[in-house]
Amino acid sequence: MISSALPSTSVLTTGTSADASGTDPQLVLADDLLALLRTTTTETRPDEQLEALALAVAADLPVLLWGEPGIGKTAALTQLAASLDLPLTTVIASVHEPTDFSGLPIVGDDPATQGVPMAPPQWAVDLVRAGRGLLFLDELSTATPAVQAALLRVVLERRVGALQLPPGVRIVAAANPRASAADGWELSPPLANRFVHLYWVHDRDTVVRGLGGVWPRARLPRLVPERLPEAVAYARRAVCGFLQARPTLIHRLPSTETRRGGAWPSPRSWEAALTLLAFGTAASVSREVLASLVRGAVGDGPGLELLAHLDRMDLPDPESLLADPASAELPMRGDLRQATLEAVVAAVGARPQRERWEAGWMVLVRALETGAADLLVAPARVLASLRRDDWEVPESVERLAGVIDLARRADRSVLRATGAAGAARTAGVGR
Amino acid sequence: MTRTSKFPTARPAPPRRAQATVPARPTGSGEPYGQPGLPLDLEKLLAARLHAVEVRPYLASALFALHVVEDRSVPTMAVDPHWRCYVSPGFVARTPVEELAGVWVHEVSHLLRDHHGRGEQYAKEHGKNGPGERLRRNIAADFEINDDIYGDGLPRPAGAVLPSMLRLPDGMLMEEYLRTTSLSGLTPDLAWLDCGSGADGQDRPWELGPDGAHGLSRQQRDAVRFRVAEGIKGRPGDAPEGWRRWADEAFHPPQPWRQLLGAAVRSAAGAPGAGEDHSYRRPSRRAAAVPGVLLPSLRRRPPRVCVVIDTSGSVSDAELGGALLEVAAISRAVGGRRDLVSVISCDAAAGIAVPLCRAENLELIGGGGTDLRSGFTRALRSRPRPDVIVALTDGQTPWPAQPPPCRTVVGLFPRPASAVNEDNPDYTPDHPPHWARVVTIS
C-alpha cells in the first residue's frame, strides 16, 4: 500500500534530538516532513489508461507512453512497479551513448583467440541478477538516431551487449510528442513498430486525488483460467479473418509525414495485436481498453478496422436467426441492427429457398416489434425482390404494411424536396 | 403443407407500434416549448430519417446509430456526445418531413465532426466558458455545418444560421469562425438556438449523461465515425467536397506544418552520414577505460542545409518568408550555424547560392515559370556539398528524375487542384517524388 520508499534515516518518533553524527536537527525534521509527504496510498479506481498499461505489461509487450512533459508518466510507472512488486530501473535513453546499449568492448588476455567481449552496463547486470523488473527507458524521443538503433536489440531481443535480459523483465518507454519536444528526434519506423503506443493524458480527478495522497492502484488484469483457450481461439479467428479480408493491411510502412514515429501495421505488430486481444478477452477488459491497445499496436486506421470487424463478429449469426426467427435476439443499436438484418437478407439471397425466405420475413417482423421501423425499409425491399413466382406472400408480411407506408412517406418527401429545390433557391429560403 | 404448420410459434402478440424511444423522462421541466401532452409523431420523424438516408446514403450508419429520446424541454432537436438525439414533439408536429430530414443530417453532423470535443478543447485553450460562449460555439459549429450540407434533395430548414448572415465566407472551420468575429450581431434573436452538448460540449439539464441508457461508448462512437469516413473514402464520387475533406482528416487531423517541417529537417540532418557519425579522427573519451582498444568517438558535424526556393509568380512573398525563417530556425536548433544555411532562388533558372548570414535582406529574384531541376543541380554543385536540400515550392514544377545524393525535404504550398495552366489545359504538375519527405505548408 505504501508506495514510495521511506528515507531509511528518518524515524518519525525521533523528534528533534541531534544525534551523535552531528546532523542538524532541522535537517532531520525536514527528512521527516518529506517522508510524510511521500507517504501515499492507493485505491482501486477504474482508470482505463492504467488498465491498458498493466495489460500490455502483463502480456510482456514493450509499451511506449506518449505524453507531455510533467504529466505523470514516471509517477504512473512508479506506482505500477510498486503494485506489481517489480524493481524499477530507469534509464534515460537520451544521455547514453550507443555503446551503453550495445555493450562496451573489454580487452581480455588474448583478444585474437578469445575475442573482445562486449560488456554490459551496470544497470543491465543488476537487472539480470534480480531476475525480474521493470526497465523504464525514459526520454526515448530525444535519443539520437544512433542510440535508437542500438535500442532496437534491447527492446526486441532483450539483449544488452552480450547479456540476455531474463524473461521476467518488462520494458516500458516514454517519449514526448513531437509537438511539445522542440529538440526531439522522431522515432525510426523499426523502433516504433516494436512498441505498443499508449497516449498518456492527465485526468483531473486522478491528479487531484493523487496530490491528496491517494493514487489509483495499478493491478495486473485478472485472467480467468477457464477462458484461456477460448480467448486464444477468438483472437486468432478475429485477426486471421480480418487480415484475410484486408491483406493490404498486413504490412504498410507509414507514408505520410503526420504518421511517422507512431504505430504501423506489420506482421510483428499484428502478432502484438493478437496477443493483446487474447489477453484482453481472457481478462474481460472493456472495449475501450482493448481499443486503445489495438490501435496502439497497429495504428489508428488498421486498429479501428479490426475493431469494426470485431463488432461484426459479435453480431448474431444470420443462419441461427433464420433457424429460429421467433425468438431472434437483435442488437439494440440501430446501425448494428440494420447490419444484422442486411446479413439475414443476404443469407437468404445466397441460398434462396421458400422456407428461408419466409423465415427472413419473420425476422423482419420480429425487428419491427422490438425497434425502429425505418431500419427495415432497405432489407424488406431486397427480401421482396427475392420472391419467386410460386411463393405466396406470408401473412406476417401484412404486419410490415406500416413500414411500406413509412417508405412511401419518405419517398414523397424526397420528391417534394428535389422538386422544390429549384424554386426554393430562387426564393431564398432560410432567411 | 400450410404456412401455419411450418411456423407453429408464428403467432405472437398482436403487432405493437414500433418503439425506438425510451419513455419520456419523468422529470417535468416546465415544458416551455410545444403543447403539453402532444404525443411524438415517431412515424414522421422516422420517415424524415429515411429521407435523409435516401439522399445521403453515406451517412446511413451514423443516422441509424442515433438513439431517439422524446423530451419536451428541448427547443427543437438536440444531440449529446453519447449519440442520443433529444426530440421535441411540438417541433416534429410543426415541421415538414423534408425539413426534419435536414435537421437529422445537421444534428448527426455535429457528432461526426466531433464538435463537442473540439468545443471543449477551444474553451480550454481560450479559457472561455459560460452561457454566452456556449451559444457562440453552437453558432460557429452550425456555420461549419450549414454552409455545405444542404441542397441536393435536402432543403435547408427555416431558421438555419449561415455564415453569410455575418458576411463571413463559407467553408471555414468552427474554430476559425470563433476566432474571426464576435458573432454578437446574431445572438439576440438566436438565444433559443440549442443543439445540445453534442454541439458545444456543455451538459444540458435534459440529458441522460454518460451512464444513461442507450449511450455509445467512446470506442463505439469512434467505430461509427470511422465507418462513415471509410464509406465516403471508398466511394468518393457520392459525397461533396466538404464531407470528403472531413473523411480524410477525421482520424488524422492535420498537424501544424512548422513541427512537421522541423521534424523532417531534423531527421534528415541527423540521419547517419549527414550531421553526425562515428569518427576515428579523435579518440573516444571512453577510450581511457579500455586500454589497447581504439574506440571511435561520436562527432557532430554541423549539417549544411541548402534551401531551394521557388520564386515563380505563384508563390507569395509572405509564404516564402515564413517558411524560410522556419528553416533557418530549425537548422540552428540541430546545431547548424547560420553560415551553413544557404539559399538559392530558382524560377526557370537557378540563382547562385547565397549564405543566409549575408542574406539579412535577402532579395528573392524571379517570377515567371518554375523548373526546380536547375535549383537542385545548382545546390549539388556548391562546395562543400549540402547534407540536406529543402525545397520550398508550390509543386507546379518538374522534378529531378534521379534522387539527389543527399536528403531532400519538400515544403509544399498547397494549391487548389483547379489551378490549371491556361496555355496548356492538359498539363498537370507531377507529385513530389517519393524519395523526398513532403510537408504541406498551409
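Each residue is numbered by its place in its chain's sequence as written, counting from 1. Each chain gets a letter, beginning with A, and each ligand a number, beginning with 1, in the order they are written. Reporting in this predicted model follows two pLDDT cut-offs: at least 70 for local features of residues, and 80 or more for side-chain atom pairs to be given and counted; totals over whole chains, interfaces and linings ignore these cut-offs and use all residues. Just so you know, side-chain values use all the structure's heavy atoms and leave hydrogens and water out.

With respect to the packing of helix H15 (residues 334-350) of chain A against helix H17 (residues 377-385) of chain A
Residues and elements named next belong to chain A. The angle between two axes is taken between their N-to-C directions and runs from 0 to 180 degrees, where each axis is a line fitted to C-alpha atoms and a helix contributes only its stretch in contact. A helix here means a DSSP run of H or I that spans at least four residues, while a strand means a run of E at least two residues long, and both kinds are numbered starting from the N terminus. Axis separation between H15 and H17 bottoms out at 9 Å; the angle between their running directions is 5°. Put simply, H15 runs roughly parallel to H17. Residue-level inspection shows Gln-338, Leu-341, Glu-342, Val-345 and Val-348 of H15 in contact with H17, the latter providing Ala-378, Pro-379, Val-382 and Leu-383. When its residues are assigned to classes, the contact of H15 with H17 shows 7 nonpolar, 1 polar and 1 charged. Roughly parallel here means an angle under 35 degrees, roughly antiparallel means over 145, roughly perpendicular means 65 to 115, and every remaining angle is called oblique. Whether two residues are in contact is decided by their heavy atoms, any of which lying within 4.5 Å being enough. The residue classification treats Ala, Val, Leu, Ile, Met, Phe, Trp, Tyr, Cys and Pro as nonpolar and Asp, Glu, Lys and Arg as charged. All others, Gly included, are polar.

Here we look at the side chain of Asn-193 of chain A
Residues and elements named next belong to chain A. Mapped onto the fold, Asn-193 is located in helix H8 (residues 189-193). Overall, Asn-193 belongs to the buried group, its relative accessible area being 3%. Two N or O atoms count as a polar contact when they lie within 3.5 Å, although within protein this holds only if one can serve as hydrogen donor and the other as acceptor, and sequence-adjacent residues are included solely when both atoms are side-chain atoms. One polar contact links Asn-193 to Arg-268, side chain to side chain, over a distance of 3.3 Å. Within polar-contact distance, the side chain of Asn-193 engages the side chain of Ser-269 at 3.4 Å. When a residue's accessible area, from a 1.4 Å probe over protein chains only, is under 20% of the maximum for its type it is buried; when over 50% it is exposed; and in between it is partly exposed.

Re the confidence of the model for chain B
Residues and elements named next belong to chain B. Summing up the model confidence of chain B, the mean pLDDT is 73 and the portion of residues at 70 or higher is 68%. Per-residue confidence from the predictor is reported as pLDDT, which spans 0 to 100. Below a pLDDT of 50 lies the segment residues 1-34, which in the model reaches 56 contacts outside its immediate sequence neighbourhood of four places, other chains included. Contacts from residues 418-422, a stretch scored under 50 in pLDDT, to residues over four places away or in other chains number 2 contacts.

So, the domain arrangement of chain A
In this document the domain limits rely on a domain assignment from an automatic tool or a database. Here chain A is described as being made up of domain 1 (2-14 + 21-38), domain 2 (45-104 + 117-216), domain 3 (225-313) and domain 4 (318-423). Look at where the C-alpha atoms of domain 2 of chain A and domain 4 of chain A centre, and you get two points 53 Å apart.

Observations regarding the nonpolar core
For the purposes of this section, nonpolar cores are sets of buried Ala, Val, Leu, Ile, Met, Phe, Trp, Tyr and Cys residues that join through side-chain atoms within 4.5 Å. Grouped together as the largest cluster of nonpolar side chains are 84 residues, with contacts concentrated most on Trp-83 and Trp-104 of chain B. With residues up to four places along the chain from it excluded, the contact list for Trp-83 of chain B reads Ala-62, Ala-65, Leu-66, His-67, Val-108, Leu-111, Leu-112, Leu-216, Arg-221, Val-224 and Arg-225 of chain B.

A few points about unusual backbone geometry
Positive phi, close to 55°, is recorded for Glu-139 of chain A, a residue that is not glycine. Assignment of secondary structure puts Glu-139 of chain A in the loop between strand S6 (132-138) and helix H7 (145-157). With phi around 60°, Trp-83 of chain B is a residue other than glycine that occupies positive phi space. Take Trp-83 of chain B: it is sitting in the loop between strand S2 (77-79) and strand S3 (84-87). With a relative accessible area of 1%, Trp-83 of chain B lands in the buried category.

Looking at the sheet that holds S3 of chain B
Residues and elements named next belong to chain B. Taken in spatial order, the 3 strands line up as S1-S3-S2 in an open sheet, and their pairing is mixed. With one partner strand each, in any of the chains shown, strand S1 (67-70) and S2 form the two edges of the open sheet. In this sheet, adjacent strand axes meet at a mean angle of 25° when their direction is disregarded. Pairs of strands are assigned from DSSP output, requiring at least two bridges between the strands. With 4 bridges connecting them, S1 and S3 associate as parallel partners. Bridge pairing in S3 links His-67 to Arg-84. Where helix H5 (residues 97-112) meets the sheet, its contacts fall on S1, S2 and S3, and the angle it forms with S2 comes to roughly 20°.

Some details on the packing of aromatic side chains
Aromatic ring pairs are defined here through the distance separating the ring centres and the angle between the ring planes. Residues and elements named next belong to chain A. Only rings of Phe, Tyr and Trp enter the pairing, Trp through its six-membered ring, and a pair is recorded when the two centres are within 6.5 Å. The plane angle decides the type: under 30 degrees is stacked, over 60 is edge-to-face, the rest tilted. Taken as a whole and judged by the stated rule, the model has 7 aromatic pairs over all chains. A centroid spacing of 5.2 Å and a plane angle of 40° characterise the contact between Trp-357 and Trp-391, whose relative ring orientation is tilted. Of this pair, Trp-357 sits in helix H16 (residues 354-370) while Trp-391 sits in the loop between H17 and helix H18 (401-427), and the two are 34 residues apart along the sequence. Overall, the relative accessible area of 1% leaves Trp-357 in the buried class. Taking relative accessible area as the criterion, Trp-391 reaches 8% and is therefore assigned buried.

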